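Now for the letters of each chain:
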Amino acid sequence: MTAAVFDIKDISLADRGNDRIEWALNEMPVTRQLLDRLGKQKPLAGLRISGCLHITTETANLARVLTAAGADLVLCASNPLSTQDDVAAALVRHFAIPVFAIKGEDTDTYYQHIKAALDHRPQITLDDGADLVSEMHKTRAHLLDNMIGGTEETTTGVIRLRAMARDKALKFPIVAVNDAMTKHLFDNRYGTGQSTIDGIIRATNILLASKVFSVVGYGWCGRGIALRAKGHGARVIVTEVDPLRALEAAMDGYQVMPLIDAAKISDFIVTVSGDKHVVDRRHMEVMKDGCVMANSGHFNVEINIPALEALSIEKRRHRDYVDEYRLPDGRHLRLLAEGRLVNLSAAEGHPAAVMDMSFANQALVVAFLAKQGKQLEHTVHSVPDNIDKEVALLKLQSMNISIDTLTAEQQSYLSSWREGT
Ligand code: ADE
């Protein structure tokens, strides 16, 4: 049953990974239903699919749905530090899915693994950050003709793909799973909120109560992190460049100020801006001794690590996932998880109950692409509304929550302009 080709850390970890995959499935009721339904319908029969995703227990359960639905699936990592090696082993041994992913792989290996996923000659891609799609367009253009379509899981990937579409460079349709309501309202907010705090606590074991905790960026991820940091008793500051988001943060009860001022008083600075060098040299020059910096945005560019290296005279790994930099003036600045996604590097990523919705969208969108992808324009598309609503309904059912329905009178009132006071 073991896959024939793969590149993972250690196949002997497979049983442990399998137990953890089963544990996650307990928290994924919508995924369980899809496993059953798509497993019977086989809408992906014979389709070659390559997924560039974080290799976690939740992704393993998505992979089970796709293969049960008939897909011929290959997986590679979407981040060098996010792979759960026991899960990679279980996928290879227990589910015969070729996986190319090793936690801590260097950049060359990361791209070799993406190339291995492209060697599969996919007809459908699943991406988290758009590296697979970007690499196919840059180095394997001959594969583009095979393609039916792709999905994109995260905000950063959607931004990159929209830029490709704007430049008319995108050669097949993409569905932005990130933009489904049942994805970003829950995964980005409650998933990133909990898992980022989890990663920071596992890495540092520092008490958050009473600490000054700055969140850089108040999108859905920033909102979730700020909320959970506040729940731990931290004094939360939000920094923003968008006036509307800054105003919202102020009305949500946070202090709002420029990062250069926040840097002087913060014990923690967490980036979720999606942009480059938002924590820069000038901020590091004024940071408090002991300040902990972490990133939960997709790429490791949000904190200017080369500037930190240049500013410091000594660096040591003080704990797993904690690099401590000593500056000439005696201050110590701490960087978690080498500036990579702290929630997936130092913890286990979002909990299964939120990934349940994100990955239900993924599975249903892949089935939609299999059926209708060839008719779609080569641009970035929204998740069809019926899929978003179905995921919400299935999740509600699994939580034993029922809702009301409109009466005929209410329906007609909402569609009429004649009635007033
Ligand atoms: N992205 C964030 N959390 C994740 C998880 N647990 N699995 C896969 N992708 C993720």
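Located above this text is the structure these notes cover.
About the cut-offs
Residues numbered from 1 in each chain as written. Predicted model: local features only at pLDDT ≥ 70, side-chain atom pairs only at ≥ 80, totals over all residues. Heavy atoms only, no water. Pairing = 2+ DSSP bridges. Helix = DSSP H or I, 4+ residues; strand = E, 2+ residues; numbered from the N terminus. Contact = heavy atoms within 4.5 Å. Axes fitted to C-alpha atoms, helices over the stretch in contact; angles between N-to-C directions. Phe/Tyr/Trp six-rings, centres within 6.5 Å; stacked < 30°, edge-to-face > 60°. Buried < 20%, exposed > 50% of the residue type's maximum accessible area, 1.4 Å probe, protein only. Lys NZ or Arg CZ within 6 Å of the ring centre and 35° of its normal. Core = buried A, V, L, I, M, F, W, Y, C linked by side-chain atoms within 4.5 Å. 1 Å grid on protein atoms, 1.4 Å probe; cavity = no way out; pocket = protein on both sides within 12 Å on 5 of 7 lines; lining within 4 Å. Points joined across faces, edges and corners; volume = space filled by probe spheres on them. Nonpolar A, V, L, I, M, F, W, Y, C, P; charged D, E, K, R; others polar. Expected span 1.5 Å × (residues − 1). Near = heavy atom within 4 Å. Polar contact = N/O pair within 3.5 Å; in protein donor to acceptor, adjacent residues only side chain to side chain. Areas by Shrake-Rupley, 256 points an atom, 1.4 Å probe, with all protein chains shown as cover.

Participant: Go over the sheet that holds strand β3 (residues 99–100), please, and point to the residues and values.
Facilitator: Think of a sheet as strands paired side by side through backbone hydrogen bonds, with each pair either parallel or antiparallel. Spatially, seven strands are ordered β3-β2-β1-β4-β5-β6-β15 in an open sheet, and the strand pairing comes out parallel. The sheet terminates laterally at β3 and β15 (380–381), the two strands that pair on one side only. Here helix α3 (residues 57–68) sits on the sheet in contact with β1 (48–53), β2 (72–77) and β4 (124–127), set at roughly 160° to β2.

Participant: Let's hear about the packing of aromatic side chains: which residues, and what values?
Facilitator: Counted under the stated rule, the structure contains four aromatic pairs. Residues tyrosine 218 and tyrosine 254 carry aromatic rings whose centres are separated by 5.9 Å and whose planes lie at 70° to one another, so their mutual orientation is edge-to-face. Taken together, the residues tyrosine 218 in the loop between β7 (212–216) and α9 (220–231) and tyrosine 254 in the loop between α10 (243–251) and β9 (255–256) connect sequence positions 36 residues apart. No difference in accessibility class separates tyrosine 218 from tyrosine 254, as the two residues are buried. Across from the ring centre of tyrosine 254, 5.0 Å away, lies the NZ or CZ of lysine 230, which sits over that ring.

Participant: Kindly report on the nonpolar core, identifying the contributing residues and their values.
Facilitator: Core analysis: the biggest nonpolar cluster contains 56 residues, and Leu44, Ile49, Ile55, Leu66, Leu75, Leu91 and Val99 have the highest contact counts within it. The element contributing the most residues to this core is helix α15 (residues 352–372), with 11 residues. The residues contacting leucine 44, other than those within four sequence positions of it, are Ile49, Leu66, Ala69, Gly70, Ala71, Val366, Ala367 and Ala370. One finds Tyr218, Tyr254, Val272 and Ala294 within the second-largest nonpolar core, a separate group that totals 26 residues.

Participant: A description of the layout of surface pockets should follow, citing residues and the corresponding values.
Facilitator: Taken as a whole, the second largest pocket spans an internal volume of roughly 320 Å³. For the second largest pocket, the lining is made up of 18 residues, of which Arg16, Thr83, Gln84, Asp85 and Lys103 are closest to its centre. Every element with two or more residues in the lining of the second largest pocket is listed here: α1 (14–26), α4 (85–95) and α14 (342–345). The residue makeup of the lining of the second largest pocket, split by class, is six nonpolar, four polar and eight charged.

Participant: Describe the environment of alanine 24, and please don't skip the residues or the numbers.
Facilitator: Checked against the element boundaries, alanine 24 lands in helix α1. It is 22 Å that separates the C-alpha atoms of alanine 24 and glycine 70, two residues lying 46 residues apart in sequence. The residues touching alanine 24, leaving out its near neighbours within four places in the chain, are Thr57, Glu58, Asn61 and Ala352.

Participant: Pulling in residues and values, what's your account of α9?
Facilitator: Over its 12 residues, α9 extends 17 Å from the first C-alpha to the last, a length consistent with the 16 Å expected when each residue adds 1.5 Å. The elements touched by buried residues of α9 are α8 (181–204), β7, β8 (235–239), α10 and β10 (268–271). Where α9 ends, the next residue or the one after it, glycine 233, has phi of about 90°, a positive value.

Participant: Explain the site of the ligand to me, and be specific about the residues and the numbers.
Facilitator: His54, Thr56, Glu58, Thr59, Leu344, Glu348, Gly349, His350, Met355 and Phe359 make up every residue found near the ligand. One of the side-chain N or O atoms of threonine 56 is found 2.7 Å from a nitrogen atom in the ligand. A distance of 2.9 Å separates a nitrogen atom of the ligand from a polar side-chain atom of glutamate 58. Considered on its own, the ligand offers 260 Å² of accessible surface; in the complex 95% of this is hidden by protein. Looking at the shell around the ligand, the elements with two or more residues in it are α3 and α15.

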